Amino acid sequence: MRFVRTILSAAAAGLVALAAGAMQPAMAQPTIKIAYTDPLSGPFAQVGDANLKQMQYIIDHINSKGGALGRKFELVPFDNKSQPSDALIALKTATDQNMPFIMQCSGSNIAAALIDGINKHNDRNPDNRIIYLNCGAVATELTNDQCSFWHFRFDLNVAQKAEVMVRALPKTTTKVYLINQDYLFGQSVQRDVGAFIKKLRPDIQIVGDELIPLGKIQDFSPYITKIKASGAQALLTGNWGPDMNLLIKAGIESGIDLNYYTFYAHLAGGPTAIGPGGENRVYAVMSFGENIAPEIGNKEAEDWTNGFRAKHNFDFSAAVFRTIFEHVQAAVNKAGVVDATKIAFAMEGQAMKDFLGYETLMRKDDHQIMTAYYVGVFKKGVKYDAEKTGLGWSTAATIKMDDVQQPTSCKMRRPRI
Amino acid sequence: MEVFVVSLLNGLVYGMLLFMLASGLTLIFSMMGVLNFAHASAYMVGAYFAYTLSLYVGFWVALIVAPILCGLLGAAIEMWGLRRVHKNGHIAELLFTFGLALIIEKVVQMTWGLIAVPYRIPSGLDFPLFDLWGTQFPAYRAFMLLISALMFLSIWLGLTRTRIGLVIQAALTHPDMAGALGHNVPRVFTMVFAAGTALAGLAGVIGGNYRVTEPGMAFSMGPIVFVVVVFGGLGSLTGCFIASILMGLIQTFAVVLDYSLADLLEVFGFVVTKATPGSEFLMVTLPRIAALLPFILLVLILVLRPRGLLGTRDT
């Protein structure tokens, strides 16, 4: 009896060993995980939700092109409810699971908390480091005084965007009005736009410069009355969300002769709120527009963005995130191993063309991407409309990488390998 | 002069929109003794109902049907929700409406999506009514004024000149006595709650396309409506009306008056410079804090006159 039992247990052990052996090949190729943390619930959930779907589409494409080192990328979402503390919890989870990348797009205050947390973590855990891929937290400080070796920013910062905006102002515009939100981001837009007007367009007079409390204004008509009285020809604003939608809506409804230069009019909800009344009046400084590919005759890029439209029921306004994942893919392949330190060294100074064919460079000095940027104007008759309004963003100006190079005050502290 | 007249009109339109929202809330507030946190949600639901209805049957039908749907929703909430919670006291009611507001927001997000819906002003009203020194006054704003004025009139007449109004007033102040006289007090409560919710829905119908119809609209409108109700005084329709117009005008005029405390001091001979202690605070201009003024007023009135402007009993 005992003999039989021994045989049986031996057989069982053999079976387990066999099963483990069979699983080995699958286990050998785990995915390269990228943690993604943004608001996925609460008032700003639309931003995180839309980003997530667009990133997933891009990652599927990157994986179909072979991923990196024969492994596929995998996006792991974490809801941070727009709170730095929740973002840090996401960071902790990501590092506990040895993920080499964490990604975050909205909120420079959250970005600052993440950078601080990552700096400390990477100092203490040299064999389990993590890289922060910044897809949209744009406070200029993050690549200046607060720059970090582990932080790579893939969107232009506020100062660069401000320069693009000021460069896009037509020669006939001589009086402008500034309205921004009264917090860190809005104040830096106010400061930078003012500085670039002084530097690049001394002929322009700032006839009004105002800060408004964030998300508190219900009726913007009084501001429009003020703008009208000031004689401004253009309104320059870094406002986003309801603060931008209601502002432009109030302006258009009052019928005053004013152009609107914005950072965020092209993003979620903007085109819907602006509506047909904003034709040829609303401009957006943007990282991508779906009409760029057909305008420059890039069929491949157009087909690829169309693929997203066919699959999802909303605009592919963040298609340029593809640049992030292509940089990551190239850097991992170059490093030859999934090791945050080696990947970071491979990524800095890395240059490549984006999918539209424009040059990009991850600048070594401050880990700030240099990339083409666009100014779109909202009008009828474009090939791809925005949010099914019948109007869309036609490219009014394309600013190449070399024109957004600005000096940095970053003193990069690099780890020893 | 130009700025004054335009601001006056803007202030009135905004004030009347506030009043539409606040009038329903003040009735409910005086009835339950608790702020209904879900009131602004009814405003949002009204706007979304109107948007969906206007796709199929047009704006004018939506103007009638959407508030009725909101009223029915309100009646259901009162009959099957609030009435049960009521016996557990005010805190339970408060928490119930708070939870309800969150649930409604989530349901709206799941039904209509996270981004704004293209709810537009009907083309029949989408023209400038008149021109004031180059600033157009949209016909739709005049229409909003008209609707809200009609509403104020009919509520006021209804409450003071009809038998139903008498019963409601009696049930609000002396529910036991009204019950003893054979009136169905719970049904009166349901009616008032439904009517209040319908009014909020109506505000949503005409406010949703004037502003933007998105899931955050309840959250952004809620606090200011509470200020109006508390400021105006519990259960006082006239107080609520005065408070609404006042808040509308204050916020509008504060934006166009570019003055700070420093300017005020200068009149008395003190010149504030960067070196003056607290100059940062003194030099904050009125427009920067315009949106906060109602809340400052709320604090002041709670300290100085807790019953509100025309209230009859303490909050």
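Just so we're clear, the structure is a prediction, and the values are computed from it rather than from any experiment.

Trainee: What should I look at first to understand the overall build of chain B in this one?
Mentor: A tally of helices and strands in chain B yields 14 helices and two strands. Computed over its C-alpha atoms, the radius of gyration of chain B comes to 21 Å, within 12% of the 20 Å expected for a compact globule of 315 residues. When its C-alpha atoms are laid out on the principal axes, chain B stretches across 70 × 45 × 40 Å. Pairs at least 24 residues apart make up 75% of the contacts formed inside chain B by residues separated by at least 6 positions.

Trainee: I'm lost on helix α3 (residues 84-96) of chain A in this one. Help?
Mentor: Count 3.6 residues to each turn of an α-helix, and residues three or four apart come out pointing the same way. Residues and elements named next belong to chain A. End to end, α3 covers 18 Å across 13 residues, agreeing with the expected 18 Å (1.5 Å per residue, within 8%). Regarding α3, the residues found buried are Ala87, Ala90, Leu91, Ala94 and Thr95. All buried residues of α3 lie within an arc of 130° about the axis, which places them on one face of the element. Residues Ser85, Lys92 and Asp96 are exposed on α3 and point more than 90 degrees away from its buried face. Buried residues along α3 sit in contact with β1 (32-38), β2 (73-79), β3 (101-104) and α4 (108-124). With its phi angle positive at about 60°, Asn98 sits one or two positions after the end of α3.

Trainee: In this structure, what is going on with the sheet that holds strand β11 (residues 351-353) of chain A? I would like to understand it.
Mentor: Through backbone hydrogen bonds, the strands of a sheet pair up, either in parallel or in antiparallel fashion. Residue and element names in this part refer to chain A. On the basis of which strands lie adjacent, the open sheet formed by three strands has the order β11-β12-β13 and antiparallel pairing. The open sheet has two edge strands with one neighbour each: β11 and β13 (369-371). Strand after strand, the sheet turns through a mean of 20° between neighbouring axes, direction not considered. Two elements, strand β12 (residues 359-362) and β13, share three bridges in a ladder whose sense is antiparallel. Bridged to Met362 within β13 is Ile369. Taken strand by strand, helix α12 (residues 321-335) contacts β11, β12 and β13, and its axis lies near 130° from that of β11.

Trainee: Any chance you could explain the confidence of the model for chain B here in plain terms?
Mentor: Residues and elements named next belong to chain B. Mean pLDDT over chain B works out to 85, with 98% of the residues at or above the 70 mark. Confidence, expressed as mean pLDDT per element, reaches its minimum in chain B at helix α12 (residues 279-282) with 74 and its maximum at helix α2 (residues 39-56) with 93. Our summary of model confidence lists the complex with pTM equal to 0.80 and ipTM equal to 0.74.

Trainee: Please clarify how the nonpolar core should be interpreted in this entry.
Mentor: One broad rule of soluble globular proteins: the nonpolar side chains tend to lie buried together. Ranked by size, the top nonpolar core spans 219 residues in total, and within it Leu21, Val225 and Val228 of chain B carry the most contacts. It is helix α1 (residues 2-32) of chain B that provides the largest number of residues to this core, a total of 15 residues. Domain assignment of the residues forming this core places at least three in each of domain 1 (32-156 + 318-370) and domain 2 (159-286 + 372-403) of chain A. In this structure, Val228 of chain B is in contact with Leu18, Ala22, Cys240, Ala243, Ser244 and Met247 of chain B, ignoring residues within four places of it in sequence.

Trainee: For this particular structure, what's the right way to read the domain arrangement of chain A?
Mentor: Residue and element names in this part refer to chain A. As assigned here, chain A comprises domain 1 (32-156 + 318-370) and domain 2 (159-286 + 372-403). The partner domain 2 presents eleven residues to the 14 residues of domain 1 that form the contact. Looking at the side of domain 1 that touches domain 2, the elements that each hand over two or more residues are α2 (45-64), α4 and β12. For the side of domain 1 that touches domain 2, the class distribution of residues is eight nonpolar, five polar and one charged.

Trainee: Looking at this structure, how should I read the interface of chain B and chain A?
Mentor: When the parts of a complex come together, some accessible area is lost, and that lost area is often used as the size of the interface. Contacts between chain B and chain A engage 31 residues on the former and 34 residues on the latter. Listed by contribution, the elements that provide at least two residues to the side of chain B that touches chain A are α1, β2 (135-138), α9 (217-232), α10 (237-256) and α13 (286-289) of chain B. In terms of residue count, α1 of chain B provides more of the side of chain B that touches chain A than any other element does, six residues in total.

Conventions adopted
Residues numbered from 1 in each chain as written. Chains lettered and ligands numbered in written order. Predicted model: local features only at pLDDT ≥ 70, side-chain atom pairs only at ≥ 80, totals over all residues. Helix = DSSP H or I, 4+ residues; strand = E, 2+ residues; numbered from the N terminus. Rg over C-alpha atoms; globule rule 2.2 N^0.38 Å. Contact = placed C-beta atoms within 7 Å. Expected span 1.5 Å × (residues − 1). Buried ≥ 20, exposed ≤ 12 C-beta atoms within 10 Å, placed from the backbone. Arc of directions from axis to C-beta. Pairing = 2+ DSSP bridges. Axes fitted to C-alpha atoms, helices over the stretch in contact; angles between N-to-C directions. pLDDT = per-residue confidence, 0-100. Core = buried A, V, L, I, M, F, W, Y, C linked by C-beta atoms within 7 Å. Domains from an automatic or database assignment. Nonpolar A, V, L, I, M, F, W, Y, C, P; charged D, E, K, R; others polar.

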